[in-house]
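# Examining the three-dimensional arrangement
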Amino acid sequence: MPSWIADLVRLDRDGEAFRATASFGAGGRLFGGLIAAQALAAAGATVDPERLPQSLHAYFIEGGRAGVDVDYVVENTRDGKSFNTRRVTASQDGVPIFEMLASFHRPEATTDWQRVTAPSFPLAEATIETRLGEKWADHFDVRSGTRGIDDWPVQPMWFRSREPIEDYPLLQACALTFISDVGLVATARPPGHAPSPGPGGAASLDHAVWLHRPVDLSRWHLYDAEAVSHHDARGLARGSIVDEHGTLVASVAQESLWRI
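Residues numbered from 1 in each chain as written. Predicted model: local features only at pLDDT ≥ 70, side-chain atom pairs only at ≥ 80, totals over all residues. Heavy atoms only, no water.

Scanning the chain from terminus to terminus reveals 4 helices and 15 strands. Taken along the three principal axes of its C-alpha coordinates, the chain extends 50 × 45 × 40 Å. Every one of the 260 residues in the chain was classed for burial, and the buried ones make up 49%. Taken as a whole, the chain presents about 12,900 Å² of accessible surface, with 50% of it coming from carbon and sulfur. Looking at the chain, you have 24 positive and 34 negative side-chain charges, and the mean spots of the two groups are 2 Å apart. (Helix = DSSP H or I, 4+ residues; strand = E, 2+ residues; numbered from the N terminus. Buried < 20%, exposed > 50% of the residue type's maximum accessible area, 1.4 Å probe, protein only. Areas by Shrake-Rupley, 256 points an atom, 1.4 Å probe, with all protein chains shown as cover. Lys, Arg positive; Asp, Glu negative; His and termini not counted. Charge placed at Lys NZ, Arg CZ, Asp CG, Glu CD.)

Following this line, the structure appears as structure tokens:
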């Protein structure tokens, strides 16, 4: 049977246009990680399967509605000798809600180096088991040191897929993109302020993921992020995802709207 992520990113295709009927969220609003994962799957369907996802840069331009089909249109920006670039626009009922640029890279033999650091939060100290707040999203075992608002996990957190995911780099990247949107809005909250936003609310504005190395999400990974700036009602958080041995598999950055 297909994995949970294969089901979530299963798209109906007509040329360079795709449609997703799996459109879930919380409080009536689509979950951004799902939109980004589906957009990456649509982009990946238009490139050679041997080209691996390298990065994505996305903008949430309108709040999506849960339960409404999402249309994805893929634009071929460039096919090069080493890189492929795609632009994806997601819409509901003809109204754009999301834009993404995605890059894919031909694997190359090269130096493998990273700044070596021990995981900032040992798995042995992650004693609180938390769950993604909606049943449709709860595909990961998640452990952290504190509880978040409405039972959603907070950074830093260890996670792994509850079920195996196919050994297919695009699907693994889609699953990582899905969970990369968890916890960053809360992390971007200005230190010293109440955990909940004011009447103006809080929401993701843009989101970026760099995929550095192959990933197997059946194994434990640590997702750790920190707030680095808040100004003009915008908070920036950036983080990293490492495996049990401290190997960096992805970097993430997100700016959120925080009206306090």
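Counting residues in hydrophobic clusters, the biggest one holds 65 residues, and the most contacted among them are Leu40, Tyr72, Phe98, Met100, Leu176 and Phe178. Top contributing element to this core by residue count: helix 2 (residues 32-44), with 9 residues. Those residues in contact with Tyr72, other than ones at most four positions away along the chain, are Glu16, Ala17, Phe18, Ala20, Ile35, Gln38, Ala39, Ala42, Val88, Thr89 and Ala90. Counting 7 residues, the second-largest nonpolar core is a separate cluster that includes Phe121, Trp220, Val242 and Leu248. (Core = buried A, V, L, I, M, F, W, Y, C linked by side-chain atoms within 4.5 Å. Contact = heavy atoms within 4.5 Å.)

Attention shifts here to the side chain of Asp138. With respect to the element layout, Asp138 can be found in the loop between strand 9 (128-130) and strand 10 (140-144). Reaching out from Asp138, the side chain makes a polar contact with the side chain of Arg162 at a distance of 3.2 Å. Excluding residues that lie within four positions of it along the chain, Asp138 makes contacts with Arg131, Leu132 and Arg162. (Polar contact = N/O pair within 3.5 Å; in protein donor to acceptor, adjacent residues only side chain to side chain.)

Applying the stated rule across the entire model yields 1 cavity of 30 Å³ or more. Taken as a whole, the largest cavity spans an internal volume of roughly 60 Å³. What lines the largest cavity is simply Gly44, Val47, Asp48, Pro49, Arg51, Pro53, Phe104, Tyr168 and Leu170. Looking at the lining of the largest cavity residue by residue, the classes come out as 6 nonpolar, 1 polar and 2 charged. (1 Å grid on protein atoms, 1.4 Å probe; cavity = no way out; pocket = protein on both sides within 12 Å on 5 of 7 lines; lining within 4 Å. Points joined across faces, edges and corners; volume = space filled by probe spheres on them. Nonpolar A, V, L, I, M, F, W, Y, C, P; charged D, E, K, R; others polar.)

Glancing now at the packing of helix 2 against helix 3 (residues 169-180). For any two helices packed against each other, one specifies the crossing angle of their axes together with the interaxial distance. One way to put it is that helix 2 packs onto helix 3 with a least axis distance of 8 Å and a crossing angle of 160 degrees. One element, helix 2, and the other, helix 3, form an angle in the roughly antiparallel class. Along this stretch, helix 2 crosses helix 3, giving a crossing that reads as right-handed. Here Gly33, Leu34, Ala36, Ala37, Leu40, Ala41 and Gly44 of helix 2 come into contact with helix 3, specifically with Leu170, Ala173, Cys174, Thr177 and Phe178. (Axes fitted to C-alpha atoms, helices over the stretch in contact; angles between N-to-C directions. Parallel < 35°, antiparallel > 145°, perpendicular 65-115°, else oblique. Left-handed = near helix turned anticlockwise from the far one by under 90°.)

Over its 12 residues, helix 3 runs 16 Å from end to end, which matches the ideal 16 Å to within 8%, given 1.5 Å per residue. With 11 of its 12 residues buried, helix 3 lies for the most part within the structure. Those residues of helix 3 that sit buried are Leu170, Leu171, Gln172, Ala173, Cys174, Ala175, Leu176, Thr177, Phe178, Ile179 and Ser180. (Expected span 1.5 Å × (residues − 1).)

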